[in-house]
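Below, each chain spelled out in residue letters.
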4 protein chains.
Amino acid sequence: MIHSVAFIGLGAMGYRMAAHLPKHFETVFVWNRNFSKAEQHATEYGTLAVSLQDAVQADIIFSCLPTSQDVEALISGLELKAGSIWIDCTSGVPESAKNLADALQTQQVTFLDAPVSGQTIGAENATLTIMVGGDAEAFEKALPALQAIGKLIKHVGNSGAGFAVKAVNNMLLAVNLCSVAEGFTTLKAHGVNLGEALDCINASSGKSGVTETVLPQRVLNRSFPLTFALPLLAKDTGIALDLVRDAKLSAPVIALTQSLIQAASDLSPAESDFSSAVKLYESWSKITLE
Amino acid sequence: MIHSVAFIGLGAMGYRMAAHLPKHFETVFVWNRNFSKAEQHATEYGTLAVSLQDAVQADIIFSCLPTSQDVEALISGLELKAGSIWIDCTSGVPESAKNLADALQTQQVTFLDAPVSGQTIGAENATLTIMVGGDAEAFEKALPALQAIGKLIKHVGNSGAGFAVKAVNNMLLAVNLCSVAEGFTTLKAHGVNLGEALDCINASSGKSGVTETVLPQRVLNRSFPLTFALPLLAKDTGIALDLVRDAKLSAPVIALTQSLIQAASDLSPAESDFSSAVKLYESWSKITLE
Amino acid sequence: MIHSVAFIGLGAMGYRMAAHLPKHFETVFVWNRNFSKAEQHATEYGTLAVSLQDAVQADIIFSCLPTSQDVEALISGLELKAGSIWIDCTSGVPESAKNLADALQTQQVTFLDAPVSGQTIGAENATLTIMVGGDAEAFEKALPALQAIGKLIKHVGNSGAGFAVKAVNNMLLAVNLCSVAEGFTTLKAHGVNLGEALDCINASSGKSGVTETVLPQRVLNRSFPLTFALPLLAKDTGIALDLVRDAKLSAPVIALTQSLIQAASDLSPAESDFSSAVKLYESWSKITLE
Amino acid sequence: MIHSVAFIGLGAMGYRMAAHLPKHFETVFVWNRNFSKAEQHATEYGTLAVSLQDAVQADIIFSCLPTSQDVEALISGLELKAGSIWIDCTSGVPESAKNLADALQTQQVTFLDAPVSGQTIGAENATLTIMVGGDAEAFEKALPALQAIGKLIKHVGNSGAGFAVKAVNNMLLAVNLCSVAEGFTTLKAHGVNLGEALDCINASSGKSGVTETVLPQRVLNRSFPLTFALPLLAKDTGIALDLVRDAKLSAPVIALTQSLIQAASDLSPAESDFSSAVKLYESWSKITLE
């Protein structure tokens, strides 16, 4: 039975995810480096803003930070409660998940890597997809907590498997982004009506999340709303490439795409939405996708 | 008003597409190089199996052949009826469409490039997507004929635009096929459960037609049913790359993917389904996607 | 025996190449679209500036123009002398060489594709390398004329083979340019002394024409002297990629490099030296190779 | 003044390199994991085969092992002599060089990364190129020892810089190998005489170490003599790619080449010469480079 739950890291995703927990659990601790956000959350949702050391005494501890390095720095030195489960929703590094799982085991704490997809709207509606790596028994125990924030929740393998699936998902997003930018720049150069072409492709075999939502909702209307920063996508493509390299595999499209997204990120302001990677191609071709 | 319609080229797609025409038009001619197929169609659907020269006297002439070269060879030397419209459903070459449109105009015939997507099931149910390039007025006139076989029907631009959209669609399919093969081989190398991973990705931003249908229905079940041959996909990626090159654009992911699909095609038996391109990666990694 | 020789196209290369011919042959005609250049050449070197139709009555006709299209346009409509040999030193298209060889044969004229390498300094010193495709017997007959301008002169195959070798050579130059730019940008990012690194690599297995001459003489000293324009290198990489495509081969590094050189060319002023392709990488990395 | 020198790791390179040291220094220790090789060296060249702990009491310690991991494992736990200099000739990892330099500094020992190029023939003739990273003062002190084995000896930067230059050199070798294989397969498909084409290119701007030596001496004669194993080249391309990634740069040709060399290595027996990477392309094209 889960009596207490903690949520650490109240960013755009975490703030919304933590808001659902009081509906399901008696005691919900929240903590954030900028602590005023934790206090605001407590006021708004009836959670308890406490010190980090107090928060991590919960039965279930969620974390949601920018990178695995942040999670490692946070955990290092903390005294945890034996029997608790740490659920890390960061889009992190598989290797780091394995190390943290080993490290926490010495305190009899189980670490699950549980990155999410679904963006802020999914966090708000508790309809996130959660891909979980780590101990299967702990996954079963943690399921009620996961169900409070997600809809499709899958145990995909051992420690690191959750992070691996997220990295590959985001790599596929990146590949689709680049190839759609290439394809649609080309169509425009040949005088094709992009809106009609998009409708056709979305009814055909070449469709993807990028053609269905990213292109019409972020690119063609030139809005590029910042919900997922391009440097973070560049980081995730790097994680995917590292997985390829660790397994001594050959993945040329992934390797090339990592280069392109890195170039796009290096050329863009840090606060650019991932969809603005198409501007790399626009700068080459002097063609605007609109 | 359309009184007579002809359909030339009764392959896996054409045979099914032509079957819908008698429901909408009084006179439907069919012709096929192997003429017994035309006679069989006439028997089965009440169409009229006639000579090529007779067939092309219809108000609307559909063609559906393997390549633009086949269409050019067929049309060359034919005497057409002034005022008729030729609708070519081949997955063809944009440059060829422009040339044919110019050539037929001398006989006062309008050429529309109108490739379709939706596979044999879409042909059977008259639910094809049709992307049409060419004269807008002729498109409007031809619409009743197009509606007899398709569901989503779009005029995407001038001559060649239809072929261009189809080529880009198939290129995106090819990119997705390669990147999904790379990503899932990598996940399997790291011990991830592919079925669960696929469910997660299909609920996330990395999804595509390949993750939604090709991977589960053709690859993971090792069926690779032949519905669209890999050499034809290689041909289509070449058409897309030619569009890039003609416009002097830079499309590195497209260029690389063309190379990979060509290598996969060169290594496979000619009668391989396009989905068997994943076997290129399986041969490198000794990992089977199942 | 060769009595008369003509040289058509007195650009930076042709002007210098034609200057050697009067030392070896009695009658040397020159022609240039901007005819004052032909007259200047006559004054300077004792050649004869004549009309195009007169020039092509020579036993041996050299041409050296920007592209194969220019050569085709020039030849079309000319009346040639049976038994003469046309030596085209343009960096041209293999397919065009085959067509021109067939076309000239109807006038009993032999066409040899004979592109040169060695730059303006090689033209000045008559030390060019000449790679010749076409009829072997005509090659032997033309050898004295070729020896007047070149040093290493090779018959590499049938019509088009000379252009093919030149295109592949320039593609290798392009690949080396991109990879050296990538490698040295990376070394500089890591604080390595580029001059010392270059000395080491030039004594090691990674050396190339680019590390030996292009990088030290054009890039690191920031001179980028215009001797071979980047758009022409982009054109040549396209010819190489077409050769790959025609043979239905897979050449991913060539395909990618064509994309990158095209992007570099699209981003640069038309009058940029090929070596300025490195600026594509400099713009991405904000690192200057100096 | 250098009184004593040690050489650790008597493989194909190290055995030959260590042979020159007795000509220049009074006391030369040698050590090898398979100790009989050290004893054989002592007999053959008058060196002293001693224990590892004794060997590392020399003023200068050379090491030459397969990977940086081997060097790290070897050094860990050794007690070194303050004031000595460790010169590591392994083709290693720049990051590891920095770590080892820091670690040895605590024992007042200086670590120099000093990879070599020139193959076994260069080791035999003491004509190696040595690219050295680390403390400039230590480099000057160590110079007499380096001069005993090398000819061109360069201080290229701080710790790790030597390894970085070697990795980039080997990456350029890999790029040249792939692009030459692509280019020459294409030329052969078009009926070009490869030997004549090679002569032309070696006199032109596309030449490289690969066209000058690897292609004629290892590939076209089908000898593929094992002097540098393909899996080690794959490892080195990985080091180069890591340098790119660490600096958050975009290097698409490097990234793609790493994939291709990895695929070639995965498909080949472990004891394959690096030049057999061309067989990846031969398997695709069914064309043999001979």
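Residues numbered from 1 in each chain as written. Chains lettered and ligands numbered in written order. Predicted model: local features only at pLDDT ≥ 70, side-chain atom pairs only at ≥ 80, totals over all residues. Heavy atoms only, no water.

Some details on the overall build of chain A
Working step 1: If you tally the helices and strands in chain A, you get 13 helices and nine strands.
Working step 2: The globule rule puts the C-alpha radius of gyration for 290 residues at 19 Å, and the 20 Å found for chain A is close to it.
Working step 3: Dimensions of chain A, computed from the C-alpha atoms along their principal axes, are close to 65 × 45 × 35 Å.
Working step 4: Within chain A, the proportion of its 290 residues that are buried is 63%.
Working step 5: Here chain A carries 19 positive and 28 negative side-chain charges, and the mean point of each set is 5 Å from the other. (Helix = DSSP H or I, 4+ residues; strand = E, 2+ residues; numbered from the N terminus. Rg over C-alpha atoms; globule rule 2.2 N^0.38 Å. Buried < 20%, exposed > 50% of the residue type's maximum accessible area, 1.4 Å probe, protein only. Lys, Arg positive; Asp, Glu negative; His and termini not counted. Charge placed at Lys NZ, Arg CZ, Asp CG, Glu CD.)

Here's the deal with the relation of the copies chain A and chain B
Working step 1: Each copy of the sequence occupies a distinct position, and chain A is placed on chain B by a rotation of 180° and an axial shift of 0.0 Å, giving an RMSD of 0.0 Å. On this basis, the relationship between the two copies can be described by a two-fold rotation axis. Closest to the rotation axis within chain A is the C-alpha of Ser208(A), separated from it by 1.8 Å.
Working step 2: The overlap is high: 100% of the interface residues of chain A also sit at the interface in chain B, so the same surface is used on both sides. (Least-squares fit on C-alpha atoms with pLDDT ≥ 70 in both. Contact = heavy atoms within 4.5 Å.)

So, the pairing of strand S6 (residues 110-113) of chain C
Residue and element names in this part refer to chain C.
Working step 1: Looking at chain direction, strand S5 (residues 85-88) and S6 are connected through four bridges and run parallel. Paired with Asp-88 across the bridge in S6 is Asp-113.
Working step 2: Running through helix H5 (residues 94-105), the crossover from S5 to the neighbouring parallel element S6 is right-handed. (Pairing = 2+ DSSP bridges. Right-handed = clockwise from strand over helix to strand, strands pointing away.)

Remarks on the interface of chain A and chain B
Working step 1: Across the contact, 61 residues belong to chain A and 61 residues belong to chain B.
Working step 2: Across the chain A/chain B interface, buried area totals approximately 4,800 Å², and carbon plus sulfur atoms make up 70% of it.
Working step 3: Where chain A packs against chain B, one counts six salt bridges.
Working step 4: For the salt bridge of Glu196(B) with Lys154(A), the shortest nitrogen-to-oxygen distance reads 3.0 Å.
Working step 5: Our count for the contact surface shared by chain A and chain B stands at 20 residue pairs in polar contact (both at pLDDT 80 or more).
Working step 6: Put simply, the parts of the chain that give the side of chain A that touches chain B at least two residues each are strand S8 (128-133), strand S9 (150-157), helix H8 (161-189), helix H9 (194-202), helix H10 (209-219), helix H11 (230-246), helix H12 (252-267) and helix H13 (278-285) of chain A. (Buried area = accessible area lost by both parts, 1.4 Å probe. Salt bridge = Lys/Arg side-chain N within 4 Å of Asp/Glu carboxyl O. Polar contact = N/O pair within 3.5 Å; in protein donor to acceptor, adjacent residues only side chain to side chain.)

Notes on the packing of H8(A) against helix H12 (residues 252-267) of chain B
Working step 1: Running from amino to carboxyl end, H8(A) crosses H12(B) at an angle of 100°, the nearest separation of the two axes being 8 Å. Considered as vectors, H8(A) and H12(B) are oriented roughly perpendicular to each other. Within the contact between the two elements, H8(A) uses Cys178(A), Ser179(A), Glu182(A) and Gly183(A) and H12(B) uses Pro252(B), Val253(B) and Ile254(B).
Working step 2: Here the contact of H8(A) with H12(B) is built from residues that sort into four nonpolar, two polar and one charged. (Axes fitted to C-alpha atoms, helices over the stretch in contact; angles between N-to-C directions. Parallel < 35°, antiparallel > 145°, perpendicular 65-115°, else oblique. Nonpolar A, V, L, I, M, F, W, Y, C, P; charged D, E, K, R; others polar.)

Details of the environment of Gly83(B)
Residues and elements named next belong to chain B.
Working step 1: Here Gly-83 shows up in the loop between helix H4 (68-75) and strand S5 (85-88).
Working step 2: Given a relative accessible area of 54%, Gly-83 falls into the exposed group.
Working step 3: Spatially, the C-alpha atom of Gly-83 lies 15 Å from that of Ala-145, the residues being 62 residues apart in sequence.

Let's talk about the UniProt feature "domain: 6-phosphogluconate dehydrogenase NADP-binding" (unreviewed entry) in chain A
Working step 1: As recorded in UniProt, the feature "domain: 6-phosphogluconate dehydrogenase NADP-binding" (unreviewed entry) lies at residues 5-157 of chain A.
Working step 2: In this annotation, residues 5-157 of chain A is assigned 40% helix and 25% strand; the end-to-end C-alpha distance for the span is 24 Å. (UniProt positions renumbered as here; feature names shortened; annotations may be inferred.)

Quick look at the pattern of salt bridges
If the charged atoms of two oppositely charged side chains come close together, the side chains can form a pair.
Working step 1: Applying the stated criterion across every chain, the model contains 40 salt bridges over all chains.
Working step 2: Of the charged contacts, one joins Arg245(C) and Asp242(B) as a salt bridge, the two residues approaching to 3.1 Å between their closest N and O atoms. Of this pair, Arg245(C) sits in helix H11 (residues 230-246) while Asp242(B) sits in helix H11 (residues 230-246), each in a different chain.
Working step 3: On the basis of relative accessibility, which here comes to 17%, the residue Arg245(C) falls in the buried class.
Working step 4: Put simply, Lys207(A), Glu212(A), Lys207(B) and Glu212(B) are held in one network by salt bridges that share partners.

Focus on the side chain of Ser117(C)
Working step 1: Note on placement: Ser117(C) falls in strand S7 (residues 116-117).
Working step 2: Judged by its relative accessible area of 6%, Ser117(C) is buried.
Working step 3: Side-chain polar atoms of Ser117(C) contact the side chain of Ser204(D), separated by 2.4 Å.
Working step 4: Residue contacts for Ser117(C): discarding those within four places in its chain leaves Leu128(C), Thr129(C), Met131(C), Lys166(C), Ala203(D) and Ser204(D).

Side note on helix H4 (residues 68-75) of chain C
All names here are of chain C.
Working step 1: By the burial criterion, the buried members of H4 are Ser-68, Val-71, Leu-74 and Ile-75. Take H4 and look down its axis: the buried residues cluster within an arc of 120°, on one side only. With respect to the buried face of H4, the exposed residues turned more than 90 degrees away are Gln-69 and Ala-73.
Working step 2: A positive backbone phi angle near 95° is found at Gly-77, which sits one or two residues after H4. (Arc of directions from axis to C-beta.)

Comments concerning the domain arrangement of chain A
Residues and elements named next belong to chain A.
Working step 1: Domain boundaries in chain A define domain 1 (4-157) and domain 2 (164-285).
Working step 2: Centre-to-centre separation of domain 1 and domain 2, based on C-alpha positions: 29 Å.
Working step 3: Around 900 Å² of area is buried between domain 1 and domain 2 when both sides are counted, 63% of it from carbon and sulfur atoms.
Working step 4: For the interface between domain 1 and domain 2, the tally reads zero salt bridges.
Working step 5: On the surface where domain 1 and domain 2 come into contact, there are six residue pairs in polar contact (both at pLDDT 80 or more).
Working step 6: Of the residues assigned to the side of domain 1 that touches domain 2, the class counts are seven nonpolar, five polar and no charged. (Domains from an automatic or database assignment.)

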